[in-house]
Structures are given as C-alpha cells and as structure tokens.
Amino acid sequence: MGKLSIVKIGGNIIEDETSLIAFLKLFSNLEGKKILVHGGGKRATLVASKLGIASKMINGRRITDAETLEVITMVYGGLVNKNIVAKLQALNTNAIGLTGADINSVASDKRPVKDIDFGFVGDVKQVAHESIDKLIQADFTPVFCAITHDGNGQLLNTNADTITSQVAVGMSKLYKTSIYYCFELNGVLEDINDKNSVVKHIDSERYKNLLEKGIIADGMLPKLENCFDALNNGVSTINMGNTSMLTQENDNFTTITL
Ligand SMILES: Nc1ncnc2c1ncn2[C@@H]1O[C@H](COP(=O)(O)OP(=O)(O)O)[C@@H](O)[C@H]1O
Ligand SMILES: CC(=O)N[C@@H](CCC(=O)OP(=O)(O)O)C(=O)O
C-alpha cells in the first residue's frame, strides 16, 4: 500500500501571511502523495462582520443560516481556497481547489435539528475516494475547503477538521494515511500557558486522563474526537503541532495512537 499525507491548516495560520507562505513552502516540499485541507473560520467571521452579519458558534460549530452560507461559500470556496491554490502553483505544486461538491468528493447530510438548529451544516456521509485518487494519480494535489454538499444541490458548511479526518478515512481504503493537524501551538499542551509543555504521545488511556483533568478544551475537544474516530476507522498515524512538524528537524509535537 502506498503512503498518503493529509495536512490541515486552520484559521490562525491562514490569517498570518508570513506563516501561510512558510507553511505552503513546507507543504510543497513534503515528499510523496498529499492532500491539503484548509479552514478559514476567522476570515469568515471577519467578512461576515463587515457585511453586518453576526457570527455565532456553538460547540465549535458555526450556526449557518442562509446569509452565512453565502459568506462561507465566498470566503472558503473562493477567497481562501483560490489564494492557497495560486500560492501553491507559484511553488510548482500543481494544486486543484475543491469543495465537496466538486467531483462529488465529499457528500454530507444536513445536521438534523435536535436541541440546536445549526442551519446549513453538514455531517459527512460519503467520501469519493476513487474519484479523489484519480486526481492524485494524475499528479494533482487536491486542496479541500470546508464545504460539502447534500447531492440535491445544497452546499453545506462542514468543519475543516472533520473533513480532514473523513477524507483520511476514505483514502485509507487505498493508502496508508497519515494526518498532520497544523496549528499555531507546538502540540497538545499539558499547560496551555507553557508552549513547551507538549504531550508527545496520546493514546486512549492518556486521552481519558487529559479529559478528566480538564486539560483538553475548546477547539481541541472536537479535534481529538475526530482523531480517535479516524484511528478507529483505518487511518494509520496522526500528528498535531506547528507547521515545522512537516520537516525532519522538529520532533516536538503530539502523536496520537489508539
Ligand atoms: N491542551 C491544549 N493544548 C493545545 N491547545 C488547546 C488545548 N486545549 C485547548 N486548546 C485550544 O485548541 C485550539 C486549537 O483548535 P482549533 O481552534 O480548532 O484550531 P484550528 O482551527 O486553528 O486548527 C488552540 O488554539 C487552543 O486554544
Ligand atoms: C460547521 C463549521 O463550524 N464550519 C467551520 C468551517 C471552517 C473551519 O473549520 O475553519 P478553521 O479550521 O479555521 O476553524 C466554520 O464555519 O467555522
């Protein structure tokens, strides 16, 4: 089985031009077959506010009404995705930007209304691993944004961490897949105020222990949930840390195993 790396970058890296360029250089130099998934929640909030639209997040997920869906479609599928693709082209990486609607790559179901109505938010139901692989086999590098579709013409907003883990699960039918969640910190930290307190290895036991101690919070909660889901469904390795973990020089990041 060949190897495939799936790398995710979040809003903090995207918003900082220097960090973004530095990351894209590392990503371009990464050997082997690869996929990039990007978020952009910060930019969506900024653009929405310029348009007089208030943003509301619950449990790390954006409440996405019809107006907000228009904003995130323009921001994730347009502004952020196309800028990243252009910058990758400048680095000689032949990137192709995709929403989940493109080549029917990521289909989802609108989240059912229970206690909370998230609006146009999708939970992934199917990843077209064979179609995505056609792009990879043709030496294109897929760049996914945080948009999926329901197959009936409706675009849906889906968290980029979830897209990453679900695409990785789908692709693990064809490849030995590794996920790299890149963010602004060095990894999962024992003490959020001490950037050097990286927990180097988290397995199911340690995860339980960190949860009990309340060390994992905010955006890290769904991130780690996604990790264990991916590992339980065929993904080989998951690493979490700053962008330099893509180089051989940095071994100070978090590795997650079952
Ligand atoms: N123990 C922890 N170690 C590291 N980050 C943590 C921890 N607990 C909570 N966090 C938060 O999780 C955030 C990363 O998750 P998220 O906001 O989803 O990032 P992104 O979307 O940029 O990838 C960090 O910015 C940090 O504030
Ligand atoms: C449903 C939902 O919450 N979607 C996310 C998608 C973007 C994202 O995940 O961006 P980051 O990785 O930068 O946080 C949102 O709109 O914020």
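Small disclaimer: the values here were computed from a predicted structure and weren't measured.

**Q** Whenever I open this one, the overall build of the protein confuses me. Can you help?
**A** For the protein, the helix and strand inventory stands at eight helices and 14 strands. Taken over the C-alpha trace, the protein has a radius of gyration of 17 Å; the compact-globule value for 258 residues is 18 Å, and the two agree within 12%. For the protein, the spread of C-alpha atoms along the principal axes amounts to about 45 × 40 × 35 Å. Buried residues in the protein amount to 50% of all 258 residues. Within the protein, contacts between residues separated by at least 24 positions form 70% of all contacts whose residues are at least 6 apart in sequence. Only carbon and sulfur atoms are counted for the fraction: they give 49% of the accessible area of the protein, which is about 12100 Å².

**Q** Help me out: how do you make sense of the layout of surface pockets in this one?
**A** Over the atoms a probe the size of a water molecule is rolled, and this reveals where empty space is left. By volume, the largest pocket is sized at about 990 Å³. Around the largest pocket, the lining comprises 41 residues; the ones closest to its centre are Lys-8, Asn-159, Asp-161, Gly-219 and Lys-223. Within the residue set of the lining of the largest pocket, elements represented by two or more residues are helix H1 (11-15), helix H3 (41-50), strand E4 (61-62), helix H6 (160-171) and helix H8 (220-232). Residues of the lining of the largest pocket, tallied by class, amount to 17 nonpolar, 14 polar and 10 charged.

**Q** Explain the site of ligand 2 to me, please; I cannot follow it from the model alone.
**A** Surrounding ligand 2, one finds 17 residues, the nearest of these being Lys-8, Gly-11, Arg-62, Tyr-76 and Asn-157. Within the side chain of Lys-8, one N or O atom sits 2.7 Å away from an oxygen atom of ligand 2. At a separation of 2.9 Å, a nitrogen atom of ligand 2 approaches a polar side-chain atom of Asn-157. When isolated, ligand 2 has an accessible area of 430 Å², and the protein chains bury 90% of it. More than half of the atoms belonging to ligand 2 lie within 2 Å of the grid points that define the largest pocket. Of the residues in the shell around ligand 2, the class split is five nonpolar, nine polar and three charged.

**Q** Hey, could you run me through the nonpolar core in this one?
**A** Burial of nonpolar side chains together is a common tendency in soluble globular proteins. Of all hydrophobic cores here, the largest spans 70 residues; its most connected members are Phe-23, Ile-35 and Leu-36. Here this core takes nine residues from helix H4 (residues 66-90), the largest share from any one element. Setting aside its immediate chain neighbours within four residues, Leu-36 contacts Val-7, Ile-9, Phe-23, Leu-24, Phe-27, Ile-84, Leu-88, Pro-142, Val-143 and Phe-144.

**Q** Before we go on, may I ask you to explain the confidence of the model for the protein in this structure?
**A** Segments scoring low in pLDDT should not have their predicted coordinates read at a detailed level. Averaged over the protein, the pLDDT score is 96; the fraction of residues at 70 or greater is 100%. Model confidence for the complex: the whole-complex pTM is 0.97, and ipTM, which rates the interface, is 0.97.

**Q** Explanation requested: the sheet that holds strand E2 (residues 33-38) in the structure shown.
**A** Strand pairing within a sheet occurs via backbone hydrogen bonds; the two strands may be parallel or antiparallel. An order of E5-E8-E2-E1-E11-E13-E14-E12 is seen for the eight strands of this open sheet, with the pairing classed as mixed. Looking at which strands have only one partner, the edges of the open sheet turn out to be strand E5 (95-98) and strand E12 (201-202). Strands in contact with H8 are strand E1 (2-9), strand E11 (175-182), E12, strand E13 (237-241) and strand E14 (254-256); relative to E13, the strand with the most contacts, it is inclined by about 160 degrees.

**Q** How should I be thinking about the site of ligand 1 in this particular structure?
**A** Near ligand 1 lie 16 residues; those nearest to it are Glu-184, Leu-189, Ile-215, Ala-217 and Lys-223. The side chain of Glu-184 places a nitrogen or oxygen atom 2.7 Å from an oxygen atom of ligand 1. Met-220 has a polar backbone atom sitting 3.4 Å from an oxygen atom of ligand 1. For ligand 1, whose accessible area on its own is 570 Å², the fraction buried by protein is 81%.

The rules behind these values
Residues numbered from 1 in each chain as written. Chains lettered and ligands numbered in written order. Predicted model: local features only at pLDDT ≥ 70, side-chain atom pairs only at ≥ 80, totals over all residues. Heavy atoms only, no water. Helix = DSSP H or I, 4+ residues; strand = E, 2+ residues; numbered from the N terminus. Rg over C-alpha atoms; globule rule 2.2 N^0.38 Å. Buried < 20%, exposed > 50% of the residue type's maximum accessible area, 1.4 Å probe, protein only. Contact = heavy atoms within 4.5 Å. Areas by Shrake-Rupley, 256 points an atom, 1.4 Å probe, with all protein chains shown as cover. 1 Å grid on protein atoms, 1.4 Å probe; cavity = no way out; pocket = protein on both sides within 12 Å on 5 of 7 lines; lining within 4 Å. Points joined across faces, edges and corners; volume = space filled by probe spheres on them. Nonpolar A, V, L, I, M, F, W, Y, C, P; charged D, E, K, R; others polar. Near = heavy atom within 4 Å. Polar contact = N/O pair within 3.5 Å; in protein donor to acceptor, adjacent residues only side chain to side chain. Sits in = over half its atoms within 2 Å of the grid points. Core = buried A, V, L, I, M, F, W, Y, C linked by side-chain atoms within 4.5 Å. pLDDT = per-residue confidence, 0-100. Pairing = 2+ DSSP bridges. Axes fitted to C-alpha atoms, helices over the stretch in contact; angles between N-to-C directions.

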